[in-house]
Amino acid sequence: MKTEVNDLAIFGGPPAFAEKLHVGRPNFGERERLRERFDQIIERRWFTNAGPYVKELEEKLARFLGVKHCIAMCNATIALEIAIKALGLKGEVIVPSFTFIATAHALQWQEITPVFCDIDPQTHNLDPRRVEDLITPRTTGIIGVHLWGRPCDVEALGEIARRHRLALLFDAAHAFACTYRDRMIGSFGDAEVFSFHATKFFNTFEGGAVTTDDDELAARIRLMKNFGFAGYDNVIYVGTNGKMNEVCAAMGLTSLESLDGFISVNRRNYDLYRQGLRDLPGVEVIDYDDAEKNNYQYVVLEIDEAATRLSRDELLNILWAENVVARRYFYPGCHRAEPYRTLYPDAGANLRATEELAQRVLLLPNGNAIGEPEIRGICDVVRFAIAQAEEVNLRRSKGSQTTAAEASV
Ligand SMILES: Cc1ncc(COP(=O)(O)O)c(C=O)c1O
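Described in the following lines is the structure provided in the data block. Just so it is clear, the model here is predicted, and its values are computed rather than measured.

Calculation rules
- Residues numbered from 1 in each chain as written.
- Predicted model: local features only at pLDDT ≥ 70, side-chain atom pairs only at ≥ 80, totals over all residues.
- Heavy atoms only, no water.
- Disulfide = S-S within 2.5 Å.
- Buried < 20%, exposed > 50% of the residue type's maximum accessible area, 1.4 Å probe, protein only.
- Core = buried A, V, L, I, M, F, W, Y, C linked by side-chain atoms within 4.5 Å.
- Helix = DSSP H or I, 4+ residues; strand = E, 2+ residues; numbered from the N terminus.
- Contact = heavy atoms within 4.5 Å.
- Near = heavy atom within 4 Å.
- Polar contact = N/O pair within 3.5 Å; in protein donor to acceptor, adjacent residues only side chain to side chain.
- Areas by Shrake-Rupley, 256 points an atom, 1.4 Å probe, with all protein chains shown as cover.
- Nonpolar A, V, L, I, M, F, W, Y, C, P; charged D, E, K, R; others polar.
- Phe/Tyr/Trp six-rings, centres within 6.5 Å; stacked < 30°, edge-to-face > 60°.

**Observations concerning the state of the cysteines**
Right, on to step 1. Inspection of every chain in the model, using the stated rule, returns zero disulfides.
Right, on to step 2. Of all cysteine sulfurs in the structure, the one in C117 sits closest to C152, which takes part in no disulfide; the separation is 11 Å.
Right, on to step 3. A relative accessible area of 1% means that C152 is categorised as buried.
Right, on to step 4. For C248, which is in no disulfide, the shortest distance to another cysteine sulfur is to C74 and amounts to 8.9 Å.

What follows is the structure in structure tokens.
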């Protein structure tokens, strides 16, 4: 228990945790089931190319998500690139800047201009009122991101897309097992893209999928992710290699059997954080709508420095020194990363909510690698650091050592 400012590890005290606690430490299901499946893969010597586990995973995911087609891929970035190409997007596409860089890169990679749109500060998702202002004759589509698994305003974006004849794609990287108006995310817009990266709630080591109800689009995507092969020796389309392999599919099938357990651990942890940080002025744990399903993978704090008197970045430094590897997703916003900051140096002027949020957000560890003692410990550090804000700021202004978090930026 820390009682004075010198007890903070940033000033030389012992860290609160002996081992590092990470945001998004991977979940996995039954180890024995996974081993059995790995053995099967070796027995069959069918490692990739539409293997039986990939097919089984695609079928099970499509059923779970209530969508006609699920095309498993090697990761969500390639899945986004393929979906964008299969939808025929070109020119300009409207995207949030407050997202992981892959959403923007998937466009820029194929020389499509990502037009960054501001978010609604309440939902952290694309603000439909701002989307419409950005439509030009060159606009061909909109990509909404269901950030933290909280659904975009699907109805409003769908209405804008229809009225302007634009494609509508959702980056659902965070939103596996989440709902919009009681329906699973996966069948909204023209297509949706999931990430099954190790840090995600449901992971296949690396992986992703495109889901859609559109038969033609699904067929095109299947061709594109397999070099354009429509059968032996028969290439009918330009394509790339976006295939998922059997080992990843085996991990996915095994994780799928433990999904309810993952959610209940995340939910329990999320509730513990909310309790532990309740009534702490300037610290808000973002809400999930109880009327919808969520995977509770993301414990997202908004830090209001005016109330805490401790900046988000200083709190991050303090946590890192205590071995709590908190993260400031998605700082500083895509528009401030290359090549976008060079290409669009003034983009920030239209992205006020994005810029403000990028200074406030802090993510805390979640998943089945942590439990009640760790969460109590993390909340104690946050409370203690904020209670000591004045002293921390004074010491730091006198020039204390650079911290791990600062050194990594
Ligand atoms: C919002 C968002 N989009 C896309 C991606 C890219 O996913 P992947 O790592 O599977 O390529 C991520 C993952 O980190 C993400 O968070």
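Text resumes after the structure shown.
**Some points on the nonpolar core**
Right, on to step 1. Judged by nonpolar contacts, the single largest core of 54 residues is most densely connected at W148, L277, L319, L364 and I378.
Right, on to step 2. Looking at this core, the elements that each hand over two or more residues are α9 (259–276), β11 (283–285), β12 (299–303), α11 (312–321), α13 (352–358), β14 (361–364), α14 (372–387) and α15 (389–397).
Right, on to step 3. Here the element with the most residues in this core is α14; it accounts for eight residues.
Right, on to step 4. The contact partners of I378, leaving out residues within four places of it in the chain, are F17, L21, Y273, L319, V324, L364 and P365.
Right, on to step 5. Listed in part, the 46 residues of the second largest apolar core include I135, A175, F176 and A209.

**Structural notes on the site of the ligand**
Right, on to step 1. The ligand sits among 15 residues. The nearest are A76, T77, D171, S195 and K200.
Right, on to step 2. Within the side chain of T77, an N or O atom sits 2.5 Å from an oxygen atom of the ligand.
Right, on to step 3. Contact distances for the ligand include 2.9 Å between an oxygen atom and a side-chain N or O atom of H174.
Right, on to step 4. When the ligand sits alone it has 390 Å² of accessible area, and the protein chains cover 92% of it.
Right, on to step 5. Of all the secondary structure elements, the ones that give two or more residues to the shell around the ligand are α3 (76–86) and α4 (101–108).
Right, on to step 6. In the shell around the ligand, the residues fall into five nonpolar, eight polar and two charged.

**What about the packing of aromatic side chains?**
Right, on to step 1. Using the criterion set out here, one finds 20 aromatic pairs in the structure.
Right, on to step 2. Note on W148 and Y298: the rings are 5.7 Å apart at their centroids and 50 degrees apart in plane angle, and the pair reads as tilted. You can see W148 sitting in the loop between β5 (139–145) and α6 (154–164) and its partner Y298 sitting in the loop between β11 and β12, a full 150 residues away along the chain.
Right, on to step 3. Three or more aromatic residues link up through ring pairs in this structure, and these residues are F98, F100, W148, Y298, Y329 and F330.

These figures capture arrangement, not role.
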